[in-house]
Amino acid sequence: MMEDRKQLPEAFCMRMERLLGSEWEAFLASYDKNRYYGLRMNPLKSSREAFREQMPFILEPVSWAEEGFYYRAEEQPGKDVLHEAGAYYIQEPSAMAVVEILDPQPGECILDLCAAPGGKSTQIAGRMRGEGLLVANEVIPDRAKILSRNVERMGIGNCVVCSEPPERMAELFPAFFDRILVDAPCSGEGMFRKDETAVEQWSEAHVSMCADRQLMILEEAVKMLKPGGVLVYSTCTFAPEENEGTVSRFLHKHGEFRIEEVPHDAAFAPGQAAWVDEPAPGIMHTMRLWPHRLKGEGHYIARLRREGALSAPMPQRVCHMGKAQPAKAARRAAVAQKEPTAELQDFFVKEMGLTPDWLSGQRGRVQKFGEQIYLVPVQMISIQGIKVLRPGLHLATEKKNRLEPAHALALALKGAQTDKVLELSQEEAQRYLRGESLSGLTGGEQKGWTLLCRQGYPLGFGKASGGQMKNHYPKGLRRSYSYS
């Protein structure tokens, strides 16, 4: 709830009153109400039924998002240990609708072009079930780091995180993706109730600048989409110039695209042809989410289909060992399949307690980048010459005469995949996330690398010796927890 709805920009109010007519008062009244809070369960780590039973919060389903739930603000799930385990992602409820409209499928190649902080990327990954390639890109380096951290926390193994401008991505991935999401930078009018900074930064000139930038991003995105592919465009603004206007301008230049009418929640409103000078055919099949009509903030979504027949996804391959590829930016990495090295295989089986077929059954190729060992999705091109923060699932670091498992590996595992696992109490889990060594554990004596879990959700690795569990939770992630 805004402290004072009179803080809304006058020009914004005049435009919205003109557009909404009889709904204006209801729309304005929404700013006097508390906003809604949402979280989205992680299907890579739990079933919906098990998740609801395990969570210590009162949850109410979000009608338009299969994995989405409302929670009460006072419960603060972002401070719970299960948040650090990637059991769920805190996300504004309306934002969850975008990926539902994208409808990602396992085995596809998918791009989230403007991906930070990672809400929609992690939602896409959940629907892909670890199969295929997800490329999550964010041009701003600091925001890309946040994106990469969220991909790790959610235990995603088939995602490559990049930090390149759209035009560079278009050079690297011509006609490459089955689906592309452009959650475009916008004037943020739909977030006024949630983020008062968006109010302070708003101006009519900013709206126009955003609309031009959005069209530029779409022009680059189209170069990366396969014939027959799906492009979803979304914003969190109400401005017709950035919504129906941007989509119409794009479609007038690209006759090979059409707006698709897709099933959606009854609370969504249609796009408005009357609000732009030259509306594209089918603009009424785009969707508007209004805060006075549903339990969420403002969004706009358009699903566009490119004409042509979509080629079949690349067949999935199991892991093989390889080195970083030569510096040919657009070269596809198509290295002959090999067995994993005996050293890595032995480490995972003998020291980590993983099942013997765990590594060989992974969909990807093992590659070394300096001392770091990653499992790279098999569909990914060579990363040489690309600003990549995360080339896939971080498996291990090569030390002097030994290997050390990566934190990302812990978060991507399931307890049943290793026989060296220990369930922690709530207090023990909090102590572990604080960075403390553990002793007198309720699970009994352990030796060597151990996967530490809370309610079946991995938190990270510890290394047990002499009754003590040395803490290997990354120092940069450690935080203060009370024992309550």
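In what follows, the structure referred to is the one given above.
Residues numbered from 1 in each chain as written. Predicted model: local features only at pLDDT ≥ 70, side-chain atom pairs only at ≥ 80, totals over all residues. Heavy atoms only, no water.

(A) Up close: the overall build of the chain. Looking only at helices and strands, the chain features 14 helices and 24 strands. Its C-alpha atoms give the chain a radius of gyration of 24 Å, near enough to 23 Å, the size a compact globule of 484 residues would have. Principal-axis analysis of the C-alpha atoms gives the chain an extent of 75 × 55 × 35 Å. Residue burial in the chain is summarised as follows: out of 484 residues, 58% are buried. Counted over contacts in the chain with a minimum sequence separation of 6, partners at least 24 positions apart contribute 72%. Surface accessibility of the chain: about 19,800 Å² in total, with carbon and sulfur atoms responsible for 49%. (Helix = DSSP H or I, 4+ residues; strand = E, 2+ residues; numbered from the N terminus. Rg over C-alpha atoms; globule rule 2.2 N^0.38 Å. Buried < 20%, exposed > 50% of the residue type's maximum accessible area, 1.4 Å probe, protein only. Contact = heavy atoms within 4.5 Å. Areas by Shrake-Rupley, 256 points an atom, 1.4 Å probe, with all protein chains shown as cover.)

(B) Spotlight on the pairing of strand β13 (residues 299–306). Within β13, seven of the eight residues are buried, which leaves the element mostly enclosed by the surrounding structure. Here six bridges tie strand β9 (residues 225–235) to β13, and the two strands are oriented antiparallel to one another. Across the sheet, residue V232 finds its bridge partner in β13, namely R303. Note: strand β12 (residues 287–289) against β13, three bridges, orientation antiparallel. (Pairing = 2+ DSSP bridges.)

(C) Spotlight on the pattern of salt bridges. Applying the stated criterion to the full structure yields 31 salt bridges. We note a salt bridge from R15 to E189, for which the minimum N-O separation is 2.6 Å. Linking R15 in helix α1 (residues 10–20) with E189 in the loop between β8 (177–183) and α9 (196–201), this pair joins segments that are 174 residues apart in sequence. Assigned by exposure class, R15 and E189 land together as buried. (Salt bridge = Lys/Arg side-chain N within 4 Å of Asp/Glu carboxyl O.)

(D) Structural view of the sheet that holds strand β20 (residues 421–423). Taking strand neighbours across the sheet as the criterion, the five strands line up as β20-β22-β23-β24-β21 in an open arrangement whose pairing is mixed. Sheet topology places β20 and β21 (438–439) at the edges, where each strand pairs with a single neighbour. Judged from the three bridges that link them, β20 and strand β22 (residues 448–454) form a sheet pairing that is parallel. Bridged to E423 within β22 is C453. Strands in contact with helix α14 (residues 426–434) are β20, β21, β22, β23 (457–465) and β24 (468–471); relative to β23, the strand with the most contacts, it is inclined by about 80°. (Axes fitted to C-alpha atoms, helices over the stretch in contact; angles between N-to-C directions.)

(E) Here's a closer look at the packing of aromatic side chains. What the rule picks out here adds up to 25 aromatic pairs. With 5.8 Å between their ring centres and 65° between their planes, Y36 and Y70 make a pair best called edge-to-face. Here Y36 is found in the loop between α2 (24–29) and β1 (37–41), whereas its partner Y70 is found in strand β3 (residues 68–71), with 34 residues between them in sequence. Taking the centre distance of 5.9 Å and the plane angle of 50° together, the rings of Y37 and Y71 count as tilted. Remark: Y71 occurs in strand β3 and Y37 occurs in strand β1; sequence separation between them is 34 residues. Of the aromatic side chains, those joined through ring pairs into one cluster are F12, W24, F27, Y31, F192, W202, F238, W275 and W290. Of note, K295 hangs over the ring of Y70, and the distance from its end group to the ring centre comes to 4.7 Å. (Phe/Tyr/Trp six-rings, centres within 6.5 Å; stacked < 30°, edge-to-face > 60°. Lys NZ or Arg CZ within 6 Å of the ring centre and 35° of its normal.)

(F) Spatial organisation of the side chain of N137. Inspection of the secondary structure puts N137 in strand β6 (residues 133–137). For N137, a relative accessible area of 1% corresponds to the buried category. If sequence neighbours within four positions are ignored, N137 has contacts with L111, D112, L113, C114, A115, L147, C162, S163, E164 and M169.

(G) Main features of the pairing of β6. Counting buried residues along β6, five of its five residues qualify, which places the element largely inside the surrounding structure. Between strand β5 (residues 109–112) and its parallel partner β6, the chain crosses via helix α6 (residues 119–128), and the hand of that crossover is right-handed. Strand direction decides the pairing type here: β6 and strand β7 (residues 159–162), joined by four bridges, are parallel. Residue pairing in the sheet places L134 in a bridge with C159 of β7. After leaving β6, the chain enters helix α7 (residues 141–153) and then returns to the sheet as β7, a path that is right-handed. (Right-handed = clockwise from strand over helix to strand, strands pointing away.)

(H) Broad picture of the packing of helix α10 (residues 204–221) against helix α11 (residues 244–253). α11 packs onto α10 with a crossing angle of 40° between their chain directions and a minimal axis gap of 10 Å. Taken together, the axes of α10 and α11 lie oblique to each other. In the crossing of α10 with α11, the sense of the turn from one axis to the other is right-handed. When α10 is examined against α11, the residues A211, D212, Q214, L215, L218 and E219 are found in contact with a partner set consisting of T246, R249, F250 and K253. Within the contact of α10 with α11, the residues separate by chemical class into four nonpolar, two polar and four charged. (Parallel < 35°, antiparallel > 145°, perpendicular 65-115°, else oblique. Left-handed = near helix turned anticlockwise from the far one by under 90°. Nonpolar A, V, L, I, M, F, W, Y, C, P; charged D, E, K, R; others polar.)

(I) Quick look at the sheet that holds strand β4 (residues 88–90). In space, the four strands of this open sheet follow the order β2-β3-β1-β4, with antiparallel pairing throughout. Single-partner strands in this sheet number two, and they are β2 (59–61) and β4. Between one strand axis and the next, the sheet turns through 35° on average, direction left out of account. In the sheet, β1 pairs with β3 via four bridges, with the strands oriented antiparallel. Looking at the pairing, Y37 lines up with Y71 of β3.

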